[in-house]
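Next come the chains, spelled out residue by residue.
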Amino acid sequence: MSTEQTRANAASPGGNRWLILIGGVLVQLAIGAVYAWSTFSKALQADESALALTKVQATIPFEVAIGMIFVGTFLGGRIQDRRGPRLVALTGVVVYSLGIMLASFARSSSDLWLLVLGYGVLGGFGLGLAYIVPIAMLQKWFPDKRGLITGVAVAGFGFGAVITSPLAQRMIAGSEDFQQYPTKVFLWLGLAYLVVGLLGASVFRNPPEGYTVAGAETSAKDKGEKAAAGRDFTQAEALRTPQWYLLTAILTLSVTAGISLISVAAGTATDVAGFSAAGAATLVGIMGLFNGAGRILWAAISDRIGRMPAFVGILAIQGICLIAIPHVGSIALFYVLAALIYTCYGGGFGTMPSTAGDFFGVKNAGAIYGLMLIGWSIGGVAGPLLISALIGEDKAYTLAYTVVGVIALAGALIPLITRKPKPPTDAPAKAASAA
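Here is a short report on the structure shown in this document. Note that the coordinates shown come from a computational prediction; the quantities given were computed from them, not determined experimentally.

If you check the backbone angles, A52 has positive phi at about 45° while not being a glycine. By the secondary structure assignment, A52 is in the loop between α3 (37-45) and α4 (55-83). Take A52: its relative accessible area is 48%, and that puts it in the partly exposed class. Residue K395 is not a glycine yet carries a positive backbone phi of 55°. Along the chain, K395 falls in the loop between α17 (374-391) and α18 (397-411).

Quick look at the structure:
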């Protein structure tokens with residue numbers, strides 16, 4: 001393909017792919033704010049709050065949101081493969097933002113159901129709808145750098161909370177009205193998410209038929225094998241391969257390992273490494289940066305060394321660091337170990353979309369990877385429950401982190417036995433009929 005043809009494909013008639021990438025990052029920034037829930041949870045439990053929620057009550061909206069994400073990604077992935085990315089993304093942004101704004105009308109503990117419905121059910125569902133779209137779409141626009149670009153897109157999700165958390169904290173702390181009713185902040189944040197998300201989603205579109213760029217054929221290699229371009233499995237065909245289940249297991253174990261630390265990071269920092277309460281809170285905020293950066297870093301690394309070697313590193317590093325954490329007495333070393341775990345946790349989300357694209361093709365990537373994100377929900381629930389139960393009232397950090405660390409190390413064996421699937425058996429016939 002000539003340079004002129006490449007430039008034409010990159011800019012028209014489908015649109016400029018770099019502008020579409022910016023749109024994808026904007027959408028992910030808006031919906032990634034869901035991870036700032038801990039800021040609101042603390043405010044809702046404070047003495048100044050009229051809601052005065054218990055710790056258990058304050059966790060319910062977030063847990064429901066995480067559970068609903070998979071429902072949104074599953075449906076959104078299937079619909080966007082058929083109807084295009086813009087409609088699904090716009091719908092997801094609207095549902096997500098309206099859910100956040102609905103939560104702003106909760107004024108007492110008896111209104112907990114509004115938080116659960118708004119932030120949890122609607123927010124989580126809309127988030128899932130919007131989340132899957134840029135991941136699937138951008139792989140089609142950037143066949144020459146699938147790993148890096150999907151990493152950049154989901155990094156926006158990781159950085160969403162980094163922006164929202166301090167902003168929300170400042171808004172609440174600066175107003176007695178917001179301190180009494182922290183939920184009022186959701187109205188203004190929801191409006192901001194709506195504007196930013198709609199702006200980003202408005203430029204979404206799939207590339208034109210036959211779109212490609214120079215270097216696409218050689219840049220997406222995995223251990224010297226030809227990339228899976230043209231091996232477009234349907235969702236049903238992907239589910240009939242063992243590789244889909246192996247990849248889902250890898251994602252589930254990576255999420256379980258990383259979110260286990262994330263869920264108890266502040267308590268571990270104070271009890272194990274001697275952080276002050278303020279220092280632990282600062283740690284959690286800073287670690288969000290590593291979560292976002294890891295999505296770009298590991299995705300780029302996977303483009304160079306291959307997807308499966310990257311996942312061996314992601315799981316092995318998490319396992320080693322988790323086992324080491326209970327034995328750390330130094331604040332500086334705790335920072336290093338936590339940063340490595342957060343980086344690898346984000347790296348799993350940054351690397352898996354392009355891995356699924358390599359294995360199954362990108363035509364139905366939304367449906368295939370959207371269903372694979374059930375690993376996010378499973379790991380997001382199992383990890384915190386497991387490590388909290390193991391720590392218990394006795395604060396058995398060594399036992400808890402050793403168990404989770406060993407699970408991650410055992411999971412590092414799975415990528416070693418995972419290979420790309422063969423094309424669907426009817427692929428030659430389809431190709432012949434298409435010709």
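Moving on, we get to the packing of helix α15 (residues 331-360) against helix α16 (residues 365-372). Helices that pack against each other are described as a pair by the angle of their axes relative to one another and the distance between those axes. For the pair α15 and α16, interaxial distance at closest approach is 10 Å and the crossing angle is 130°. On the basis of their axis angle, the class for α15 and α16 is oblique. For α15 against α16, the interelement crossing comes out right-handed. Residue-level inspection shows F349, M352, P353, A356 and F360 of α15 in contact with α16, the latter providing I368, Y369 and M372.

Scanning the entire structure with this criterion turns up 6 salt bridges. The salt bridge partner of D144 is R17, with a shortest N-O separation of 3.1 Å. With D144 in the loop between α6 (112-141) and α7 (146-173) and R17 in helix α2 (residues 17-31), the pair connects residues that are 127 residues apart, well separated along the chain. Considered together, D144 and R17 belong to a single accessibility category, that of buried residues. Where D303 meets R307, a salt bridge forms, and the shortest distance between an N and an O atom there is 2.7 Å. Judged by its relative accessible area of 18%, D303 falls in the buried class. Look at the salt bridges and you will find they share partners, linking R17, D144 and K145 into a network.

Cut-off values and rules
Residues numbered from 1 in each chain as written. Predicted model: local features only at pLDDT ≥ 70, side-chain atom pairs only at ≥ 80, totals over all residues. Heavy atoms only, no water. Helix = DSSP H or I, 4+ residues; strand = E, 2+ residues; numbered from the N terminus. Buried < 20%, exposed > 50% of the residue type's maximum accessible area, 1.4 Å probe, protein only. Axes fitted to C-alpha atoms, helices over the stretch in contact; angles between N-to-C directions. Parallel < 35°, antiparallel > 145°, perpendicular 65-115°, else oblique. Left-handed = near helix turned anticlockwise from the far one by under 90°. Contact = heavy atoms within 4.5 Å. Salt bridge = Lys/Arg side-chain N within 4 Å of Asp/Glu carboxyl O.

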